Amino acid sequence: MEYIDIDRVKKRMDKRLFINKMVKGIFFASAMFGLVVLAILLYRVIADSIGWISMDFLTGLLSTSAERAGIRGAIIGTLWLMAIVGPVTMILGVGTAIYLEEYAKKGKIHSIIQTNIANLAGVPSIVFGILGLTIFVRLFGLGASVIAGGLTMSLLVLPIVVVAAQEAIRSVPSHLREASYGMGATKWQTIKNVILPASIAGILTGVILALSRAIGETAPLVVIGIPALLIPVPTNVTDNFTALPMQIYYWTLDAVLVAEYANLAAATIVVLLIVLFILNSAAILIRNKFSKRY
Amino acid sequence: MLKAGSVKEMIQQKKKATSSTSVIEKAVPVLLFTAAFISVLTTIGIVFTLIIETILFFRQVSIAEFFSGTVLRPLSRVEPQYSILPLIMGTMMTTIIAMLVAIPVGLTTAVYLSEYASTGARKVLKPMIEVLAGIPTIVYGFFAFTFVTPVLREVIPGLASTNALSPGLVMGIMIIPMVASLSEDAMSSVPNAMREGALAMGCTKFEVTFRVVIPAAISGIIASFVLGISRAIGETMIVTIASGSTKNFTFDVTQSMQTMTAYIVEVTSGDAAAGTTIYYSLYAVAMTLFVFTLTMNMLARYISRRFREVY
């Protein structure tokens, strides 16, 4: 009497092996799916923008006539926004990270701040817009100005900088710290002269990533009432301004009325993506070049 | 030899320096705490503004009407009606569509990256997939509106020019990297000994993945789904551009539907005067949105902590 039915076993084995082979292909296809969509998206945007990006487009002022419209105001507005978000998030973010890593005792306050930052990172950007609208625009009376937009954006991207700076500070080996204390340095001297220089690459990477998030964000700007009209180019922080994503938003909406606006939107997207690409490359470069291994 | 006077001077100088150092040493933690406290203030600011204005809203509109009615007609002069259900419906439909894309594609991408891809392939593929997460949502909105919708209209004849389907699909694509990357982290942390044990028992790679690795990493995987849902609920620009502003209470995704986020955009860009019911409705909707996403985020953290298998 046979205990093993060879045919049945073989049939079952074949089936299992067949499934095994088939799913590998499916998994690979699925990993490729995202990339294919990315390629289509980039192709569409670039194809739509061909012929529309020129020096006149980059330096020209906004115009209702599609042929003459330029994005100088939006570019300068985005630069102004970065000029606020960069320093503000750097100071607040690094300060918070140093406090959490070096000063706060692992107790209630530490865990409240830490949990709070994790929660803030998950709050939808539009809710930050409402905060900015209520506090900065209305309560402080700043209007839809560079400073109101910049502060709103700073709060939005702050968690990114805090988390990056915390990781950078945590990765500084403790023997550097102890050597500094051993030489008689105080705590702040140790932080200022040893820990911050050793973690600057990670901190800068975080700030750059935060900036690249901030310049692509649209929802908070829409909510605080940033226009995309014919307004003068901002010259200081209390001026009204517009930014690249706002320009894309209005042109996309109005593409129903004027078909060429879709091309203008695509051209502005290309400019925005190039800026993002440069920023992210810089972040990778800094991380690879200046991060020391201990 | 040092003169007595100069030694005295040196001591005084040293004392001065020490006292200024000690002032700095005492001031720095306070300053740093202030910086850290700003993030707490942000949360307090968000919660308070939302609560205060929401209370003012509910003085004008009953809670029952807000959560049970099915008609949202804020601009009607004759009889404005405020119900959030059409917006929740819009949010729910776009989120479901998005997750129908993001969960299967994201999870299988994670499986491929974690279990099948060679180290070299993973090093190339992973950053490329993460590029998808770095593209601003306004760009996805443009893509949904000017490309995906027209393409879908060729296939589905009844599709409106703004609809819930197209932004839902595009939002799903946007969330793929989030699900993939978090799930992959969870799967990579499953120890190899478990895989090897299963392989030694005669399992195929597919069986190892689905019977051993995924069950072991399930808490991280589910948490990634929940975070993806939270992301989809809070997403604004894609749905604002491509889903339109019709406050439809319907399951028909081929029609225009407004989400909570898109309503907020519509009201704020319409220059609603402070003090009007429409203006307050903005905060009630934002409050609902905030509670939804916060709950999802906390749930995700709870799942990944509570059900994590520690090896």
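That block above? That's the structure.
The model shown is predicted, which means the values in this text are computed figures rather than measured ones. (Residues numbered from 1 in each chain as written. Chains lettered and ligands numbered in written order. Predicted model: local features only at pLDDT ≥ 70, side-chain atom pairs only at ≥ 80, totals over all residues. Heavy atoms only, no water.)

Caption draft 1: Layout of the overall build of chain A. Helix and strand counts for chain A stand at eleven helices and zero strands. In chain A, the succession of helices and strands from N to C terminus is α-α-α-α-α-α-α-α-α-α-α. Over its C-alpha atoms chain A spans a radius of gyration of 26 Å, topping by over 25% the 19 Å that the globule rule assigns to 294 residues. For chain A, the spread of C-alpha atoms along the principal axes amounts to about 95 × 70 × 35 Å. Looking at chain A as a whole, 51% of its 294 residues are labelled buried. Look at the contacts in chain A between residues 6 or more apart in sequence, and 74% of them connect residues 24 or more apart. About 14,300 Å² of surface is accessible on chain A, with carbon and sulfur atoms providing 66% of the total. (Helix = DSSP H or I, 4+ residues; strand = E, 2+ residues; numbered from the N terminus. Rg over C-alpha atoms; globule rule 2.2 N^0.38 Å. Buried < 20%, exposed > 50% of the residue type's maximum accessible area, 1.4 Å probe, protein only. Contact = heavy atoms within 4.5 Å. Areas by Shrake-Rupley, 256 points an atom, 1.4 Å probe, with all protein chains shown as cover.)

Caption draft 2: Broad picture of the pattern of salt bridges. All names here are of chain A. The full count for this structure, using the stated rule, is ten salt bridges over all chains. We note a salt bridge from arginine 44 to aspartate 48, for which the minimum N-O separation is 3.5 Å. In this pair, arginine 44 and aspartate 48 are both assigned in helix α1 (residues 6-49), four residues apart and thus about one turn of the helix distant. Since its relative accessible area comes to 25%, arginine 44 is described here as partly exposed. (Salt bridge = Lys/Arg side-chain N within 4 Å of Asp/Glu carboxyl O.)

Caption draft 3: Region of interest: the packing of aromatic side chains. Taken as a whole and assessed by the stated rule, the structure comprises 18 aromatic pairs over all chains. Judged by centre distance (6.4 Å) and plane angle (45°), the ring pair of tryptophan 251 of chain A and tyrosine 261 of chain A falls under tilted. Taken together, the residues span a long stretch of sequence, with tryptophan 251 of chain A in helix α10 (residues 244-254) and tyrosine 261 of chain A in helix α11 (residues 260-290) at a distance of ten residues. Three or more aromatic residues link up through ring pairs in this structure, and these residues are Phe57, Phe58, Phe66, Phe67 and Tyr82 of chain B. Across the ring face of tyrosine 103 of chain A, the terminal group of lysine 187 of chain A is positioned such that the distance to the ring centre comes to 4.7 Å. (Phe/Tyr/Trp six-rings, centres within 6.5 Å; stacked < 30°, edge-to-face > 60°. Lys NZ or Arg CZ within 6 Å of the ring centre and 35° of its normal.)

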